[in-house]
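This is what each chain is made of:
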Amino acid sequence: MDPIKYFTFSMIISILGIRGILLNRRNIPIMSMPIESMLLAVNSNFLVFSVSLDDMMGQLFALLVLTVAAAESAIGSAIFVNTFRVRGTIAVESINCIQG
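Residues numbered from 1 in each chain as written. Predicted model: local features only at pLDDT ≥ 70, side-chain atom pairs only at ≥ 80, totals over all residues. Heavy atoms only, no water.

This part is about a nonpolar patch on the surface. Judged by side-chain polarity, M57, L60, F61, L64 and V68 come together as a nonpolar surface patch covering roughly 470 Å² of accessible area. Within the secondary structure, M57 sits in helix α3 (residues 57–87). With relative accessibility at 41%, the residue M57 sits in the partly exposed group. (Patch = residues over 30% accessible without salt bridge, like charges linked within 9 Å, V, L, I, M, F, W, Y side chains within 5 Å. Areas by Shrake-Rupley, 256 points an atom, 1.4 Å probe, with all protein chains shown as cover. Salt bridge = Lys/Arg side-chain N within 4 Å of Asp/Glu carboxyl O. Helix = DSSP H or I, 4+ residues; strand = E, 2+ residues; numbered from the N terminus. Buried < 20%, exposed > 50% of the residue type's maximum accessible area, 1.4 Å probe, protein only.)

A packed helix pair is summarised by two numbers, namely the angle formed by the two axes and the spacing between the axes. Orientation of helix α2 (residues 28–53) relative to α3, taken along the N-to-C sense of each, is 170°, at an axis distance of 8 Å. Considered as vectors, α2 and α3 are oriented roughly antiparallel to each other. Only G58, Q59, F61, A62, V65, L66, A69, E72, S73 and F80 of α3 make contact with α2, whose side of the interface consists of I28, P29, S32, E36, L39, N43, F46, L47 and S50. A breakdown of the residues in the contact of α2 with α3 according to their chemical character gives 11 nonpolar, 6 polar and 2 charged. (Axes fitted to C-alpha atoms, helices over the stretch in contact; angles between N-to-C directions. Parallel < 35°, antiparallel > 145°, perpendicular 65-115°, else oblique. Contact = heavy atoms within 4.5 Å. Nonpolar A, V, L, I, M, F, W, Y, C, P; charged D, E, K, R; others polar.)

On the UniProt side, "transmembrane region" (unreviewed entry) is annotated at positions that read residues 6–23, 35–53 and 59–81 here. Between the end C-alpha atoms of residues 6–23 the distance is 26 Å, and the span holds 100% helix and 0% strand. Within the segment residues 35–53, helix and strand shares are 100% and 0% respectively, and the terminal C-alpha atoms sit 27 Å apart. (UniProt positions renumbered as here; feature names shortened; annotations may be inferred.)

The next point concerns α3. Between its first and last C-alpha atoms α3 spans 44 Å; for 31 residues at 1.5 Å apiece the expected length is 45 Å, and the two agree. Listed in full, the buried residues belonging to α3 are G58, A62, V65, A69, G76 and T83. Looking one or two places after α3, you find G88, whose phi comes out positive at around 85°. (Expected span 1.5 Å × (residues − 1).)

Moving on, we come to the layout of surface pockets. The space that makes up the largest pocket amounts to roughly 160 Å³. In terms of lining, the largest pocket is formed by I28, M31, S32, I35, E36, E72, S73, G76, S77, I79 and F80. The dominant element in the lining of the largest pocket, judged by the number of residues it contributes, is α3, at 6 residues. Here the lining of the largest pocket is built from residues that sort into 5 nonpolar, 4 polar and 2 charged. (1 Å grid on protein atoms, 1.4 Å probe; cavity = no way out; pocket = protein on both sides within 12 Å on 5 of 7 lines; lining within 4 Å. Points joined across faces, edges and corners; volume = space filled by probe spheres on them.)

See the structure below:
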């Protein structure tokens, strides 16, 4: 197994995720997709390190990251739906006036 290929794949996914966040600042659900892809890159790094070092901790961390990402997606989707119901839009320009 050559881990360099997998690290290169993970780096490309991370760069695309950062680029997606920086280039799209108008729609919040589309902004959350690059964040999920960066979490995928982190998980692939954990898994490659786990396999190359013959240790189970990387797989456990990947499972933890997947669980947190699922909870973050569910909560974020609920916030998006609630914001859309109240304001009628989920554009970033209209959400900056939310105060809590």
